[in-house]
Amino acid sequence: MIIQQITLHHLNMNMKTPFVTSFGSVQEKPFLLVEVMDKEGNIGWGETTAFQAPWYNEETFQTNLHIIKDFLIPLVLNKQINHPDEVSAIFSPIRKNNMAKAGIEGAIWDLYAKRNHLTLSEALGGSVKKIEVGVSIGLQKSTEQLLNVVRRYIHEGYKRIKVKIKPGQDVNLIAALREAFPNIPLMADANSAYTLKDISLLKELDQYNLLMIEQPLDYDDIVDHAKLQNEIQTPICLDESILSLEDVKKAVELGSAKVINIKIGRVGGLTEAKKIHDYCMEKNIPVWCGGMLEAGIGRAHNIALTTLPNFTLPGDTSSSSRYWDEDIISPEVIAKDGYITAPTGYGIGYEPNMETIKKFTIDRWIFKSAY
Ligand SMILES: O=C(O)CCC(=O)c1ccccc1C(=O)O
Ligand SMILES: [Mg+2]
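All residue numbers refer to positions counted from 1 along the written sequence of the respective chain. As a convention, the first chain written is A and the first ligand written is 1, with the rest following in written order. A pLDDT threshold of at least 70 governs which residues receive local features in this predicted model, and a stricter bar of 80 or more applies before side-chain atom pairs are shown or counted, although totals over entire chains, interfaces and linings include all residues. Side-chain descriptors were evaluated using all non-hydrogen atoms of the structure, hydrogens and water having been removed beforehand.

As recorded in an unreviewed UniProt entry, the protein goes by the name o-succinylbenzoate synthase, listed as coming from Psychrobacillus faecigallinarum. UniProt positions are given in the numbering used here, feature names are shortened, and annotations may be inferred rather than shown by experiment. UniProt's Sequence similarities (unreviewed entry) comment on the protein is quoted here verbatim: "Belongs to the mandelate racemase/muconate lactonizing enzyme family. MenC type 2 subfamily." Recorded in UniProt under Function (unreviewed entry), the annotation for the protein is "Converts 2-succinyl-6-hydroxy-2,4-cyclohexadiene-1-carboxylate (SHCHC) to 2-succinylbenzoate (OSB)."

Structural notes on empty space enclosed by the protein
Summary: where empty space remains is shown by rolling a probe the size of a single water molecule over the atoms. Cavities and pockets are found on a 1 Å grid laid over the protein atoms alone: a cavity is a set of points where a 1.4 Å probe fits but cannot escape, a pocket is an open set with protein on both sides within 12 Å along at least five of seven lines, and a lining residue has an atom within 4 Å of such a point. Grid points are joined across faces, edges and corners, and a volume is the space filled by probe spheres set on the points. One pass over the full model with this rule turns up four cavities of 30 Å³ or more. Counted as a void, the largest cavity has a volume near 200 Å³. Together, 22 residues line the largest cavity, and Phe19, Lys263, Gly291, Met292 and Leu293 are the ones closest to its centre. Taken together, the elements giving at least two residues each to the lining of the largest cavity come down to β1 (3-21), β6 (161-164) and α11 (296-306). Where each domain begins and ends follows an automated or database-derived domain assignment. Of the domains in this structure, domain 1 (3-118 + 351-368) and domain 2 (122-341) are the two that each give at least three residues to the lining of the largest cavity. Space inside the second largest cavity adds up to approximately 160 Å³. Lining the second largest cavity are 19 residues, with Glu47, Thr49, Ile264, Gly265 and His301 positioned closest to its centre. Secondary structure elements are taken from DSSP: a helix is a run of H or I of four residues or more, a strand is a run of E of two residues or more, and numbering for both begins at the N terminus. Among the secondary structure elements, those contributing two or more residues to the lining of the second largest cavity are β3 (43-47), α3 (98-115) and α11. When residues of the lining of the second largest cavity are assigned to their parent elements, the largest contribution, four residues, is made by α3. For this classification, the nonpolar set comprises Ala, Val, Leu, Ile, Met, Phe, Trp, Tyr, Cys and Pro, the charged set comprises Asp, Glu, Lys and Arg, and every other residue, Gly included, is treated as polar. Classifying every residue of the lining of the second largest cavity gives five nonpolar, ten polar and four charged. Two domains each provide a minimum of three residues to the lining of the second largest cavity, namely domain 1 (3-118 + 351-368) and domain 2 (122-341).

Overview of the state of the cysteines
Only a pair of cysteine sulfur atoms within 2.5 Å qualifies as a disulfide here. Per the stated rule, a full pass over the model turns up zero disulfides. The thiol of Cys237 is not disulfide-bonded; the next cysteine sulfur, from Cys280, is found 9.9 Å away. Taking relative accessible area as the criterion, Cys280 reaches 0% and is therefore assigned buried. Burial here depends on accessible area, computed with a 1.4 Å probe over protein chains only, as a share of the maximum for the residue type. Under 20% is buried, over 50% is exposed, and the range in between is partly exposed.

Here we look at unusual backbone geometry
Cis geometry marks the peptide bond from Ser330 to Pro331, where omega comes out at -10°. With respect to the element layout, Pro331 can be found in the loop between β12 (329-330) and β13 (339-341). At Asn78, a position not held by glycine, the phi torsion is positive, near 65°. With a phi angle near 50°, Asp337 is a residue other than glycine that sits in the positive phi range. Secondary-structure assignment places Asp337 in the loop between β12 and β13. Given the relative accessible area of 48%, Asp337 is considered partly exposed.

What to know about the pairing of strand β2 (residues 24-38)
The buried fraction of β2 is high, at eleven of 15 residues. Pairing between β1 and β2: 14 bridges, direction antiparallel. By the bridge assignment, Met13 is partnered in β2 with Lys29. Any two strands are treated as partners once DSSP identifies two or more bridges connecting them. Where β2 meets β3, five bridges bridge the pair, whose relative direction is antiparallel. Bridged to Val34 within β3 is Gly46.

Concerning the sheet that holds strand β10 (residues 259-262)
Strands sit in the order β5-β6-β7-β8-β9-β10-β11 across an open sheet of seven strands; the sheet is parallel. A single partner strand is all that each edge strand has here, and the edge strands are β5 (135-137) and β11 (287-289). The pairing of strand β7 (residues 186-189) with strand β8 (residues 213-214) spans two bridges and is parallel. Each bridged residue has a counterpart across the sheet, and for Ala188 the counterpart in β8 is Ile213.

Listed below in structure tokens is the structure:
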């Protein structure tokens with residue numbers, strides 16, 4: 001395929017309620033939709049996942065825009081690409097900026113699947129028809145409110161509850177949750193809020209039978225996580241620290257984690273995500289698909305990835321309606337009794353809703369091949 005035109009849509013969407021973590025709060029989500037078109041007029045869609053501010057990692061909406069416009073688009077426009085796996089090699093002269101890369105690469109995967117009359121799931125080698133999903137719950141104003149929110153999501157059937165923790169809102173929260181819900185699949189995400197000095201506090205969590213604790217220590221650390229994993233029973237899951245298959249290999253070798261959270265944006269795209277999946281499967285390390293408060297296009301990519309066989313733990317991808325009054329795809333993503341049925345249409349399998357996209361669009365840039 002030859003990519004003839006790329007359109008970047010800058011959208012800004014307001015979340016129903018702010019999502020609060022140990023690093024900050026997200027209420028407005030700016031992001032780019034990447035629309036790639038081949039010479040025959042087929043179209044593929046991708047979505048970038050960086051936030052307004054570099055809290056989660058170093059990327060932001062603006063760096064995504066800059067890197068995509070000034071470096072990545074010139075590398076793919078009018079290039080012959082036979083398979084989306086080639087894109088990461090084409091992008092290799094550009095260091096990191098994984099979320100920018102994943103935005104374009106995802107659109108090329110969707111285009112490739114559509115051209116070949118495959119679902120994105122099939123193009124990736126997935127076969128699961130119904131994926132199990134959980135929900136990620138931000139920090140709340142009070143423990144009582146947290147219990148109410150958790151109760152609601154359990155009632156909706158979500159298969160796993162993840163709650164955010166930070167110093168001062170950790171053991172007390174988990175103890176209250178366990179008391180109220182002794183048997184639910186429960187986990188905690190610290191988003192790097194602790195250090196090895198907190199070992200005794202983190203050990204206290206062992207008594208609550210958590211599925212795992214996600215990214216307790218520094219966002220770029222794997223060494224201290226290995227030390228911590230030696231001291232605690234609760235399995236450690238790495239999120240922020242994993243940017244590539246190489247990172248996973250090192251973390252596994254060191255014993256830094258027993259579970260890996262795969263986020264397509266954080267690892268630079270679906271090709272790298274699949275490589276990590278395959279390696280973990282070989283090593284008997286379960287993986288799950290992490291969320292970045294995505295709108296519909298990003299959700300669709302997450303769903304397709306999750307149909308691979310080693311996604312044995314429920315991920316973060318919940319119903320569109322959890323975050324958005326109106327999503328940008330038709331139909332919206334719906335989790336029913338904790339399952340999302342993978343769509344059967346070609347590519348991402350959901351139709352971008354151009355009217356809704358227009359409504360949330362702030363700016364738009366079109367790049368055309370000169371040939
Ligand atoms: O529902 C989702 O999309 C997952 C939300 C989530 O946990 C999260 C949201 C924003 C930034 C980081 C994280 C995380 O997984 O660490
Ligand atoms: Mg996380």
